[in-house]
Structure formats: C-alpha cells, structure tokens
Amino acid sequence: MPTALWRIKLTIMPLKPNKENDMATETVFSKIIRREAQADILYQDELVTAFRDIRPRAPVHILLVPNQLIPTVNDVEPKHEAALGRLFTVARKLAAEHGIADKGYRLIMNCNAHGGQEVYHIHLHLVGGRALGPMLSR
C-alpha cells in the first residue's frame, strides 16, 4: 500500500499594531528575543537577534529582527537607525559564516499585507545557498 504524504499548511495570523493607543501588540519574535519561544538563535546582542526561519525557502534562510518591536517599515523613525544598521552588518557576518557571501544572497524586508508581511515586527530575511532566480514573477 502506498504511503500517503500529507502537507500541512500553517497559517500565521498577522499581529498588527493597535493604532488606537499607538502601542504594538506582542509578536512571536518578541518571545524569541526574550527566549520565551524556541528558535535556533544564531546571533543576539543588545540591538538585534538572528535565528533560522522555521519555513526556509532556501538552504540558508535566516531572520534578523530588531530587539525593539517596530511593526512595519512605515513605523521606522530616526531613533531606530542604529538597530536597522546593525541588521545589515549582522547579515553580512552571517552570510560569510554560512559560506554564501561570495556567490551571493538576497536580503528581503516586506511591509504590510501587499508586501507579504506576515508578522508585524519588522524583520530582514537573509536567503541564499542556491541561485534564487528573478525577484518577482512577471
């Protein structure tokens, strides 16, 4: 008898900021940063945390998040510049450590629903380890 293969699609409900009182809602990334939720953390300092994506789209797929909750790119302010700059320097370091820096990799940050954002805590995807193809389908 053939073995049935089942695919389970996980639906992640976006956690959007509460605009009425201008306070952001807790996200799973906040819990990972505080180590209250399990994740394969690859890097953490006072500004950013980096961990493996649980649904990788390439051999290397790492999420880099600022430790301070910033819901979307539309919420970025000058006070966030140090943390956002650190995302890129840590991405460069992790790309080198994972052996993908020389051949290339992609950095992706989505904003809101049409941009593909699923968790409303900005995050940078570091993706590589194979040829990634065109950025957008035509």
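Residues numbered from 1 in each chain as written. Predicted model: local features only at pLDDT ≥ 70, side-chain atom pairs only at ≥ 80, totals over all residues. Heavy atoms only, no water.

Looking at the environment of Val28
What counts here: Each helix is a run of H or I in the DSSP string that is no shorter than four residues. Each strand is a run of E no shorter than two, and both are numbered from the N terminus. Each residue is placed in one exposure class: buried if its accessible area under a 1.4 Å probe, protein chains only, is under 20% of its type's maximum, exposed if it is over 50%, and partly exposed if it falls in between.
With respect to the secondary-structure elements, Val28 resides in helix H1 (residues 28–33). Accessibility expressed as a relative area gives 40% for Val28, which makes it partly exposed. Distance in space between the C-alpha atoms of Val28 and Gln38 is 9.8 Å, their sequence separation being 10 residues.

Re the side chain of Thr27
For clarity, the threshold we go by: Residues adjacent in sequence count toward polar contacts only when both atoms are side-chain atoms; beyond that, a polar contact is any pair of N or O atoms within 3.5 Å, and within protein one must be able to donate a hydrogen and the other to accept it.
Along the chain, Thr27 falls in the segment before H1. Within the structure, the side chain of Thr27 is placed 3.1 Å from the side chain of His121, a separation counted as a polar contact.

So, the nonpolar core
Quick note on the threshold: Definition of nonpolar core: a set of buried residues of the types Ala, Val, Leu, Ile, Met, Phe, Trp, Tyr and Cys, connected through side-chain atoms within 4.5 Å. By definition, residues are in contact when any of their heavy atoms lie within 4.5 Å.
Membership of the largest hydrophobic core comes to 17 residues, with the highest contact counts inside it found for Ala50, Ile62, Leu64, Leu87, Val90, Leu94 and Leu126. Broken down by secondary-structure element, the contributors of at least two residues to this core are strand E2 (48–52), strand E3 (60–66), helix H2 (81–97) and strand E5 (124–128). In terms of residue count, the dominant contributor to this core is H2 (six residues). If we ignore the near neighbours within four places in the chain, the residues touching Leu87 are Val48, Leu64, Val65, Pro66, Met109 and Leu124. Ile32, Leu63, Val65 and Val119 belong to the second largest nonpolar core, which has seven residues in total.

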